[in-house]
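Chain residues, written in single-letter form:
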Amino acid sequence: MIVSPATLVEVLGAAAGRLPRPLALAAGRRLGDAMALLVRSRRRLALANLERALGGEMDAPARRRLMREVFRQFGQTLVEALLLPRMVRRGLHHYVEHEGWEHLEQAMAQGKGAIVFTGHFGNWEVVALAQGARGIPMDVVGRPPDDPRLAARLESIRQLTGNRTISKRQAVRPMLQSLRQGRTVGLVVDQNVGAGRGIFVDFFGRPASTTPALAVLALKTGAPVVPVFGYPDQGGRHRIVYGRPLEVTRSGDHQRDVRELTARATAVIERAVRRHPQLWLWLHDRWRSRPPQEPAASGSQP
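So, here is what we can say about the structure in this document. What you see is a predicted model, and the numbers here were worked out from it, not measured in a lab.

1. A few points about helix 7 (residues 148–158)
Argument step 1. Of the residues making up helix 7, those classed as buried are Leu150, Ala151, Ile157 and Arg158. Across the axial projection of helix 7, the buried residues extend over an arc of 130 degrees, all falling on one side.
Argument step 2. At the N-terminal end of helix 7, a side-chain oxygen is found 2.9 Å from the backbone nitrogen of arginine 149, two or three residues along, and the residue is aspartate 147.

Printed below as a string of structure tokens:
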């Protein structure tokens, strides 16, 4: 019998909901250990990615230890996502602290909304919900899961604090509307973009196909571009840090400006990952697409 992803999530959510939060998060880390053992393709991919990015700085045993911690963090993030309704009911201020919030407030004071970006780093869902709970709602852009029940559950969670969701499939008009309304648009910009839809910028010394959406939107609207990252600690709290807005320059060469801003946003993500590599989603095939002059490469191979 094949069990749907939505059913698995419901079972996992029911089990996690019966546990105190610290025990549920610990169970999530054990779930990550199990995934590292059972999902061999993702384990190979994570190790290949770590060798590509950090092979010159970290030996193989250290990369294997880091890979296991990445899986544990991913398992913890999955379980915590299912606990978010309970956390919101109690009040997210019990679980998060903000640094650099003034950067977001100053950006919003310009009256053009703001583009807030991050990566698949820590628990990115907590970052978005905490911003909405503090009074600056975010319209989150993402690809909905293919399973309708799972998509509906994820959407209901993401809207718990006044945020809205925007489907990645038809995002341009809703993003522009959000910024005109003085809201923030939330983008996660660290995944591979295929089929000629991305532009190649450097990520850990290797060209990576990256969405130009952030740069195109910023150049079109003049909205400030604000980085944010969430850092979970061992006690289950999150330190959410907003950085200074990126400078948006216009040289008169639109394609050059898009590439330059995309590269700088990607460099911000790389710096965060270098400082805390265990918090990034190395399980994703970030370098799958290759420039035309290079052969296609599978992430499962070093």
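2. Overview of the pairing of strand 4 (residues 164–167)
Argument step 1. Note that strand 3 (residues 138–142) and strand 4 share four bridges and pair parallel. For valine 141, the partnering residue across the bridge sits in strand 4 and is isoleucine 166.
Argument step 2. For the handedness criterion, the β-α-β arrangement of strand 3, helix 7 and strand 4 is classed as right-handed.

3. What about the pattern of salt bridges?
Argument step 1. In the structure shown here, the tally under the stated rule is 14 salt bridges.
Argument step 2. The partner of arginine 72 in a salt bridge is aspartate 33, and the shortest N-O contact between them spans 2.7 Å. Note that arginine 72 is positioned in helix 4 (residues 60–90) and aspartate 33 in helix 2 (residues 21–38), a separation of 39 residues in sequence.
Argument step 3. Residue aspartate 146 is joined to arginine 169 by a salt bridge in which the shortest nitrogen-to-oxygen separation is 3.7 Å. Of this pair, aspartate 146 sits in the loop between strand 3 and helix 7 while arginine 169 is found in the loop between strand 4 and helix 8 (172–180), placing the two residues 23 residues apart along the sequence. Across the pair, exposure class does not vary: aspartate 146 and arginine 169 are exposed alike.
Argument step 4. Within the structure, one salt-bridge network assembled from shared partners comprises Arg29, Arg30, Asp33, Glu69 and Arg72.

4. Quick notes on the nonpolar core
Across soluble globular proteins, nonpolar side chains have a tendency to be buried as a group.
Argument step 1. The biggest cluster of nonpolar side chains holds 49 residues, and the ones touching the most others in it are Ile115, Phe117, Leu214 and Trp282.
Argument step 2. Looking at this core element by element, the count peaks at seven residues for helix 10 (residues 254–275).
Argument step 3. Setting aside residues no more than four positions away along its own chain, phenylalanine 117 makes contact with Leu187, Val189, Leu214, Val225, Val226, Pro227, Val228, Leu246, Ala265, Val268 and Ile269.
Argument step 4. Grouped together as the second largest cluster of nonpolar side chains are 28 residues, Tyr95, Val126, Ala130 and Ile136 included.

5. Description of a nonpolar patch on the surface
Argument step 1. Judged by side-chain polarity, Leu37, Leu38 and Val39 come together as a nonpolar surface patch covering roughly 320 Å² of accessible area.
Argument step 2. Tracing the backbone through its elements, the reader meets valine 39 in the loop between helix 2 and helix 3 (40–54).

6. A short note on the packing of aromatic side chains
Argument step 1. In the structure shown here, the tally under the stated rule is eight aromatic pairs.
Argument step 2. Their ring planes at 85 degrees and their centres at 5.5 Å tell us that tryptophan 101 and tyrosine 242 sit as a pair that is edge-to-face. Linking tryptophan 101 in helix 5 (residues 101–108) with tyrosine 242 in strand 9 (residues 238–242), this pair joins segments that are 141 residues apart in sequence.
Argument step 3. Pairing phenylalanine 203 with phenylalanine 204 gives two aromatic rings, centres 4.9 Å apart and planes at 85 degrees, and the pair type is edge-to-face. Taken individually, phenylalanine 203 and phenylalanine 204 each receive the classification buried, so the pair is uniform in this respect.
Argument step 4. Through pairs of rings, three or more aromatic residues link up here, namely Phe203, Phe204, Trp280, Trp282 and Trp287.
Argument step 5. Lying over the aromatic face of tyrosine 231, arginine 239 brings its terminal NZ or CZ to 4.8 Å of the ring centre.
Argument step 6. Over the face of the ring belonging to phenylalanine 203 we find arginine 286, whose NZ or CZ atom lies 5.5 Å from the ring centre.

7. Things to note about the sheet that holds strand 5 (residues 184–188)
Argument step 1. The strand order across the open sheet built from seven strands is 1-9-8-2-5-3-4, with neighbouring strands paired in mixed fashion. Two strands lie at the open edges of the sheet, namely strand 1 (96–99) and strand 4, each paired on one side alone. For this sheet, the mean angle separating the axes of adjacent strands, direction not counted, is 25 degrees.
Argument step 2. Set on the sheet, helix 6 (residues 124–133) makes contact with strand 1, strand 2 (114–118), strand 3, strand 5, strand 8 (225–232) and strand 9; between it and strand 9 the angle comes to about 70 degrees.

8. Here's the deal with unusual backbone geometry
Argument step 1. Residues other than glycine seldom take positive phi values, yet phenylalanine 204 does so here, at roughly 55 degrees.
Argument step 2. Within the fold, phenylalanine 204 resides in the loop between strand 6 (199–203) and strand 7 (206–210).
Argument step 3. Classification of phenylalanine 204 as buried rests on a relative accessible area of 7%.

9. Let's talk about the packing of helix 8 against helix 9 (residues 213–221)
Argument step 1. Viewed as axis vectors pointing N to C, helix 8 and helix 9 meet at an angle of 45 degrees, and their least axial separation amounts to 11 Å. By the angle between their axes, helix 8 is oblique relative to helix 9. For the pair helix 8 and helix 9, the crossing hand works out as right-handed. Of helix 9, the residues touching helix 8 (which contributes Met175, Leu176 and Leu179) are Leu217, Lys220 and Thr221.
Argument step 2. Among the residues forming the contact of helix 8 with helix 9, the class breakdown is four nonpolar, one polar and one charged.

10. A few points about the packing of helix 4 against helix 6
Argument step 1. Remark: helix 4 packs on helix 6, axes separated minimally by 10 Å, with the N-to-C direction vectors making an angle of 20 degrees. The orientation of helix 4 with respect to helix 6, classified from their angle, is roughly parallel. Helix-helix and strand crossings are classified by hand; for helix 4 and helix 6 the assignment is right-handed. Counting all contacts with helix 4, which are made through Glu80, Leu84 and Val88, the residues of helix 6 involved are Glu125, Val126 and Leu129.
Argument step 2. Taken together, the residues that form the contact of helix 4 with helix 6 break down as four nonpolar, no polar and two charged.

About the criteria used
Residues numbered from 1 in each chain as written. Predicted model: local features only at pLDDT ≥ 70, side-chain atom pairs only at ≥ 80, totals over all residues. Heavy atoms only, no water. Buried < 20%, exposed > 50% of the residue type's maximum accessible area, 1.4 Å probe, protein only. Helix = DSSP H or I, 4+ residues; strand = E, 2+ residues; numbered from the N terminus. Arc of directions from axis to C-beta. Polar contact = N/O pair within 3.5 Å; in protein donor to acceptor, adjacent residues only side chain to side chain. Pairing = 2+ DSSP bridges. Right-handed = clockwise from strand over helix to strand, strands pointing away. Salt bridge = Lys/Arg side-chain N within 4 Å of Asp/Glu carboxyl O. Core = buried A, V, L, I, M, F, W, Y, C linked by side-chain atoms within 4.5 Å. Contact = heavy atoms within 4.5 Å. Patch = residues over 30% accessible without salt bridge, like charges linked within 9 Å, V, L, I, M, F, W, Y side chains within 5 Å. Areas by Shrake-Rupley, 256 points an atom, 1.4 Å probe, with all protein chains shown as cover. Phe/Tyr/Trp six-rings, centres within 6.5 Å; stacked < 30°, edge-to-face > 60°. Lys NZ or Arg CZ within 6 Å of the ring centre and 35° of its normal. Axes fitted to C-alpha atoms, helices over the stretch in contact; angles between N-to-C directions. Parallel < 35°, antiparallel > 145°, perpendicular 65-115°, else oblique. Left-handed = near helix turned anticlockwise from the far one by under 90°. Nonpolar A, V, L, I, M, F, W, Y, C, P; charged D, E, K, R; others polar.

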